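# Report on the structure
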Amino acid sequence: MHLRYFNQTGWTAIFNGTETEIGRMVRVEGWDPATGTALVVDPQRGALRQVTDYVDFSHLERADQVVAAIPGGGWRAHWTDEGPGGSPLTEQVLAWLITSQGWATAITVDAQGHVEDADSADAFIPPGEELQ
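Quick caveat, the model's predicted, so the values are computed rather than measured.

Here is what the cut-offs are and how they apply
- Residues numbered from 1 in each chain as written.
- Predicted model: local features only at pLDDT ≥ 70, side-chain atom pairs only at ≥ 80, totals over all residues.
- Heavy atoms only, no water.
- Buried < 20%, exposed > 50% of the residue type's maximum accessible area, 1.4 Å probe, protein only.
- Helix = DSSP H or I, 4+ residues; strand = E, 2+ residues; numbered from the N terminus.
- Pairing = 2+ DSSP bridges.
- 1 Å grid on protein atoms, 1.4 Å probe; cavity = no way out; pocket = protein on both sides within 12 Å on 5 of 7 lines; lining within 4 Å.
- Points joined across faces, edges and corners; volume = space filled by probe spheres on them.
- Nonpolar A, V, L, I, M, F, W, Y, C, P; charged D, E, K, R; others polar.
- Polar contact = N/O pair within 3.5 Å; in protein donor to acceptor, adjacent residues only side chain to side chain.
- Contact = heavy atoms within 4.5 Å.

### Topic: the pairing of strand 4 (residues 38-42)
Counting buried positions along strand 4 yields four of five residues, so the element is predominantly enclosed. Pairing between strand 3 (residues 30-31) and strand 4: two bridges, direction antiparallel. Across the sheet, the residue bridging to Gly30 is Leu39, located in strand 4. As judged from the four bridges shared by strand 4 and strand 5 (residues 47-50), these two strands associate in the antiparallel manner. The residue of strand 5 that forms the bridge with Asp42 is Ala47. Linking strand 4 back to strand 5 in an antiparallel pair, the connection comprises four residues, with Gly46 at a positive phi of about 70 degrees.

Dropping the structure here:
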């Protein structure tokens, strides 16, 4: 499992990498008011920078924008073979993230407190019901 990529602008900048920098995905933080170009954080400069200033900029991809979060409400996510040794695994849904597109993504928490999305779950079990 992995946590899906969410951000406030709904866009991610994709960079191919160079001889000294690996390929990467970077959250778009905003838009240049003069040019409309996407802006990302440049950690070396400590400032926002246009994506087109980078020689390895490839393109932008849509990301999910979270517009609401609601409690898990007793739902559980179930995987048939994600537990130890390929055994079944069931985890509590901590919350449902609602995106600007109207999709709901279940966020689970495991026994160690790790938070993940449950997009790959084989089934969702409603409150008070058992797995069929």
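### A closer look at the sheet that holds strand 3
Strand order in the open sheet formed by three strands is 3-4-5, and the pairing between neighbours is antiparallel. Bordering the open sheet on either side are strand 3 and strand 5, each of which pairs with just one other strand.

### A look at the layout of surface pockets
Looking at the largest pocket, its volume works out to about 180 Å³. If you go around the largest pocket, the residues you meet are Phe15, Glu21, Arg24, Val26, Val40, Val41, Asp42, Pro43, Gln44, Arg49 and Tyr54. When residues of the lining of the largest pocket are traced back to their parent elements, those giving at least two are strand 2 (24-27) and strand 4. Among the elements that line the lining of the largest pocket, the one with the most residues is strand 4, at three residues. Looking at the lining of the largest pocket, its residues break down into six nonpolar, one polar and four charged.

### Remarks on the side chain of Arg49
Mapped onto the elements of the fold, Arg49 is located in strand 5. Relative accessible area serves as the criterion here: at 17%, Arg49 is assigned to the buried category. Here Asp53 takes part through its backbone oxygen, which lies 3.3 Å from a polar atom of the side chain of Arg49. Excluding residues that lie within four positions of it along the chain, Arg49 makes contacts with Ala38, Leu39, Val40, Asp42 and Tyr54.

Note that every value here comes from positions in space, so none of it alone points to a role or purpose.
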